[in-house]
Each structure stands twice: as C-alpha cells, then as structure tokens.
Amino acid sequence: MITLHHCVSARSFRPLWLLEELGLPYTLRMLPFPPRVHARHFLADNPLGTVPLLVDGAVRLTESAAICQYLAARHSPGNLDVPVADPAYGAYLNWLHMSDATLTFPQTLVLRYTHMEPPDRLSPQVATDYARWFLARLRAVDGTLQQQDFLCAGRFTAADVAVGYALLLAEHLGLAKQFPEAVTHYWQRLQTRDAFQRALTTQHLAALDQGVPTTPAPDVRPLA
C-alpha cells in the first residue's frame, strides 16, 4: 500500500492529484502545516520535516516532481508517463522539473517574505521581485499552451499535474489574475478534471477525520 504524508494544498498535492488520476489505492496521512513545527513526531519519518513523503514498500521519496515521475512511470507507462523512446520525453522531463525548480520556488519566497517571516524580516520588495520572476518564467508555459492543449506528447501527463500545482499555488498567492490568457484557460481546464476535484475533496475530508486544520498550507499564517 502506498502511503502519502500530506498537508492541505502543499506541494504534496501533486502526488495526491496524480494518485487520483491513476486510481491507485493509497493511505493519506494528514499533517498540520508546517509539520516540522506542529508535528515534531514526523521528523522520525522524514528528518527534513517537509511534505510530501511517499512510502511505497522500501521506496521513500520526498520531492513532489520526482514522486510524480515515479508514480507515472511505474503505474501508467505510456499514458500519464512519457516513455524514453518518445520524442516528447525530453520536454516531459523538463516540464516536470521546471514545475518545482522554476515555477514553485519563487512563489515560496513570495509567501515567505509576505507572510511567514517575523514582522521585522518581512520584505515587500523581495516578494514583489519573486512574483515577477514567477510570472516571467510562466511565459514558457504560455508559449506552449498557445500552440496546444497540454504541455507535451499531445495529451495530459504527469507534467500537467506538476505544473498545475504551481498554478494552484499562484491562485492562493493572488497571482492568477496576472496569468496570460492561454494559461488561464489551461488552468480552468485542469480544475474541471474529476481527479483534481477528488483530490481537493479527499484532502479536506481526511483533514477533518484526522483532526488536522483544513486551512490550505499557502493560507496558513503564523500566530502574531
């Protein structure tokens, strides 16, 4: 049985959404955000104190894009995965890893320096700069989506899940209103997917059942 350790709408939403796309059985372990502060016992499972943590037998993975790649390759070869021999394989890998390293990363700094740091360390200028960085990098997504409905291989893949989470995070940060038109339409299409909606519902109900706050991780604010 696959076990996913998850905080509501944190980066661990990527593997949760993909698990729903794949229709795989899994156990969802909910944690308060950030777990390294509010769930110290979790450090025994993941010394980083971060989510996601996916456990599949002896396999343990903590990087959301890597988990997407692993799940798609292992459980959906040639469908949500892109095979090595496919001409789109390079683009697939690039989108998967761009999703976090290039798109999510600057958004975490927007969140940090707008809300999460102590008052004397908040920096509106840093937040503004990294918001612009994110939006500038989003031009690559826009350019592709002006030509096709999905990012690569002419179909929906795990890369769309990975990039889709970056758009979800942007929604929470108030950046979605600055999406280019093609990205806006793409994001609207992704949100209509049954698996996306199931993932949203599943995390909410699991949080209630396990006594974890249901506030999405990007909306959590430190106590004053």
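Everything below is about the structure shown above.
Please read all numbers here as calculations on a predicted model, not as lab measurements. (Residues numbered from 1 in each chain as written. Predicted model: local features only at pLDDT ≥ 70, side-chain atom pairs only at ≥ 80, totals over all residues. Heavy atoms only, no water.)

**Q** What is the right way to look at the overall build of the protein in this model?
**A** The helix and strand tally for the protein stands at eight helices and four strands. Scanning the protein from its N terminus toward the C terminus, one meets helices and strands in the order β-α-β-α-β-β-α-α-α-α-α-α. Computed over C-alpha atoms, the radius of gyration of the protein comes to 17 Å, within 12% of the 17 Å expected from 2.2 N^0.38 for 224 residues, which places it in the range of a compact globule. Along the first, second and third principal axes, the C-alpha atoms of the protein reach 50 × 45 × 25 Å. Within the protein, buried positions represent 50% of all 224 residues. (Helix = DSSP H or I, 4+ residues; strand = E, 2+ residues; numbered from the N terminus. Rg over C-alpha atoms; globule rule 2.2 N^0.38 Å. Buried < 20%, exposed > 50% of the residue type's maximum accessible area, 1.4 Å probe, protein only.)

**Q** How should the environment of Ala66 be read in this particular structure?
**A** Along the chain, the position of Ala66 falls in helix α3 (residues 64-75). A sequence separation of 107 residues divides Ala66 from Leu173, and the C-alpha atoms of the two residues are 24 Å apart.

**Q** Teacher, can you tell me more about the pairing of strand β1 (residues 2-6) here?
**A** Moving residue by residue along a regular strand, the side chains alternate between the two faces of the sheet. Most of β1 is tucked away, with five of its five residues classed as buried. Burial along β1 is two-sided: the face carrying Ile2, Leu4 and His6 and the face carrying Thr3 and His5 are both buried. For β1 and strand β2 (residues 26-30), the ladder comprises five bridges, and the chain directions are parallel. Residue Leu4 lies in a different strand from β2, and its bridge partner there is Leu28. For the handedness criterion, the β-α-β arrangement of β1, helix α1 (residues 13-22) and β2 is classed as right-handed. In the sheet, β1 pairs with strand β3 (residues 53-56) via three bridges, with the strands oriented antiparallel. Among the inter-strand pairings, His5 is bridged to a residue of β3, identified as Leu53. (Pairing = 2+ DSSP bridges. Right-handed = clockwise from strand over helix to strand, strands pointing away.)

**Q** Help me understand the packing of helix α5 (residues 124-145) against helix α7 (residues 181-191), please; the structure alone is not making it clear to me.
**A** Helix packing for two helices is described by the angle between their axes and how far apart those axes are. Interhelical geometry of α5 versus α7 gives an angle of 80 degrees and a closest axis separation of 8 Å. Classed by the angle they form, the pair α5 and α7 counts as roughly perpendicular. Across the interface between the two elements, Leu138, Val141, Asp142 and Leu145 from α5 touch Ala182, Val183 and Tyr186 from α7. In terms of residue class, the contact of α5 with α7 is made up of six nonpolar, no polar and one charged. (Axes fitted to C-alpha atoms, helices over the stretch in contact; angles between N-to-C directions. Parallel < 35°, antiparallel > 145°, perpendicular 65-115°, else oblique. Contact = heavy atoms within 4.5 Å. Nonpolar A, V, L, I, M, F, W, Y, C, P; charged D, E, K, R; others polar.)

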